[in-house]
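So the chains spell out like this:
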Amino acid sequence: MSTDFQRAREELGRRLRELRVDSPLGRLTGTETARRAGWPQSKVSKLENGRQTPTDDDLRMWAEAVGQPAVYPELNARLKGLESHIRSWKRQLAAGHAPVQERWNSLVSGARTLHTLSSAAVNGMLQTADYARCVFDYHATLQNAPRDTEAAVRARMKRQEWLYRPGKQLHLLMPESVLRVRICPPEVLAAQLDRLLGLVGMDTLNLGILPLDAPLRLIMGNSFSLLDERLVVMEDWHAEIWLDDAESISLYRRVWDTLAESAVYGTEAQRVISRVRRGLTG
């Protein structure tokens, strides 16, 4: 979770405490506020100390419990500010994967340069339709999301048109382990590796592969994308985390640059991919 996000959550907690202490009902204690809201006292403490992210309903209940229902819109606006940094998959996938892919299409469309680390699966920009289909199916099951696989695949394939537009550049790092992950049947993975082999050398793609035996100066972390040095989007199991402060952007760029030093490119990258490809049929 980002430092900016935690700081904003703590600020919201201080505002909640201020509303409790200055309640027109009198100086309410945390215990009394919890009783009025129907919560355990520990929840009041966690919210006020920034250790728990409130929901819309939590904020509405708080405003009513402290006798100030009119402040709910302000509290809700603060919560929306938090959500601009952390975007839960549960909320994003409420209508399925396709709307999420369409939003990503819009986000990426305006970018000229992407620096991306794909540490868990082949990057979506390079996926075959069959590989993407497997990824979406598994994630829909995990997140209990509506299964709109075909629409999601179409949206992801549409985003790949970005690679064929002049002035675009994708700088992509993937560890060799990603090439070996059996998240799909062997024949689907083989076709995916064939696609990667064909893309190496493309003008708009700088593909770096991190061999299994490459010396690394950093531990491989979560997948992330840096868009035009203005936004970092990092993926975790529960959410996407969006960071747009200069300090975070600089940090993630240093991470990318450091890992890139251990990668192989061009014909060397093709050799690694080919070696893995041969292992599927060996």
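What counts, and where the lines are drawn
Residues numbered from 1 in each chain as written. Predicted model: local features only at pLDDT ≥ 70, side-chain atom pairs only at ≥ 80, totals over all residues. Heavy atoms only, no water. Helix = DSSP H or I, 4+ residues; strand = E, 2+ residues; numbered from the N terminus. Buried < 20%, exposed > 50% of the residue type's maximum accessible area, 1.4 Å probe, protein only. Contact = heavy atoms within 4.5 Å. Areas by Shrake-Rupley, 256 points an atom, 1.4 Å probe, with all protein chains shown as cover. Expected span 1.5 Å × (residues − 1). Axes fitted to C-alpha atoms, helices over the stretch in contact; angles between N-to-C directions. Parallel < 35°, antiparallel > 145°, perpendicular 65-115°, else oblique. Left-handed = near helix turned anticlockwise from the far one by under 90°. Nonpolar A, V, L, I, M, F, W, Y, C, P; charged D, E, K, R; others polar. Pairing = 2+ DSSP bridges. Phe/Tyr/Trp six-rings, centres within 6.5 Å; stacked < 30°, edge-to-face > 60°. Lys NZ or Arg CZ within 6 Å of the ring centre and 35° of its normal. Core = buried A, V, L, I, M, F, W, Y, C linked by side-chain atoms within 4.5 Å.

Our focus in this paragraph is the overall build of the chain. Within the chain, the secondary structure is distributed over 13 helices and seven strands. In terms of principal-axis extent, the alpha carbons of the chain reach across some 75 × 35 × 35 Å. Each of the 282 residues in the chain was classed as buried or not, and the buried ones make up 49%. Counting only contacts in the chain whose residues sit at least 6 apart along the sequence, the fraction spanning at least 24 positions is 74%. Taken as a whole, the chain presents about 13900 Å² of accessible surface, with 51% of it coming from carbon and sulfur.

The terminal C-alpha atoms of helix 7 (residues 97–109), which comprises 13 residues, lie 18 Å apart, in line with the 18 Å expected from a rise of 1.5 Å per residue. All of the buried residues along helix 7 are His-97, Ala-98, Val-100, Gln-101, Trp-104, Asn-105, Leu-107 and Val-108.

Now for the packing of helix 8 (residues 129–143) against helix 9 (residues 149–159). Running from N to C, helix 8 and helix 9 cross one another at 130°; their axes reach a closest spacing of 9 Å. Taken together, the axes of helix 8 and helix 9 are oblique relative to one another. Here helix 8 and helix 9 pass one another in a crossing that is right-handed. Between helix 8 and helix 9, the contacting residues are Ala-129, Ala-132, Arg-133, Val-135, Phe-136 and Asp-137 on the first element and Thr-149, Glu-150, Ala-152, Val-153, Arg-156 and Met-157 on the second. The residue inventory of the contact of helix 8 with helix 9, partitioned by class, reads seven nonpolar, one polar and four charged.

Pairing within the open sheet is mixed, and its seven strands lie in the order 1-7-6-5-2-3-4. Edge positions in the open sheet fall to strand 1 (86–88) and strand 4 (205–210), since each of these has one partner strand only. Each adjacent strand pair in this sheet contributes to an overall mean axis angle of 15°, direction not counted. Relative to strand 7 (residues 239–243), strand 6 (residues 231–235) runs antiparallel, the two sharing four bridges. Looking across to strand 7, one finds that Val-232 is bridged to Leu-243.

All right, on to the packing of aromatic side chains then. Scanning the entire structure with this criterion turns up two aromatic pairs. Ring geometry for Phe-224 versus Tyr-252: centroids 4.9 Å apart, planes at 75°, classification edge-to-face. Of this pair, Phe-224 sits in strand 5 (residues 224–227) while Tyr-252 sits in helix 12 (residues 246–260), and the two are 28 residues apart along the sequence. For the residue pair Phe-224 and Tyr-252, the accessibility class agrees, reading buried in each case. Across from the ring centre of Tyr-72, 4.0 Å away, lies the NZ or CZ of Arg-60, which sits over that ring.

On to the pairing of strand 4, then. With respect to burial, strand 4 is a largely interior element, five of its six residues being buried. Relative to strand 4, strand 3 (residues 169–175) is paired through six bridges, and the arrangement is parallel. When the bridges of strand 4 are listed, Met-174 appears paired with Ile-209.

With respect to the helices, strands and loops of the structure, Pro-185 is situated in the loop between helix 10 (176–180) and helix 11 (186–199). Put simply, Pro-185 and Asp-130 are 55 residues apart on the chain and 9.6 Å apart in space, counted from C-alpha to C-alpha.

All right, on to unusual backbone geometry then. The backbone of Asn-144 sits at a positive phi, close to 55°, despite the residue not being glycine. Among the secondary structure elements, Asn-144 is positioned in the loop between helix 8 and helix 9. Here Glu-229, not a glycine, exhibits a phi torsion of approximately 60°, which is positive. Relative to the helices and strands, Glu-229 resides in the loop between strand 5 and strand 6.

Turning our attention to the nonpolar core. Among the nonpolar cores identified, the biggest contains 44 residues, and Leu-126, Leu-170, Met-174, Leu-179, Leu-207 and Ile-209 are the most heavily contacted of them. For this core, the elements supplying multiple residues, two or more each, are helix 7, helix 8, strand 3, helix 10, helix 11, strand 4, strand 6 and helix 13 (266–281). Broken down by element, the residue count for this core peaks at six residues, all from helix 11. Setting aside its immediate chain neighbours within four residues, Leu-179 contacts Met-174, Leu-189, Leu-193, Leu-196, Ile-209, Val-272, Ile-273 and Val-276. Among the nonpolar cores identified, the runner-up in size contains 19 residues, and Leu-16, Leu-19, Val-44 and Leu-59 belong to it.

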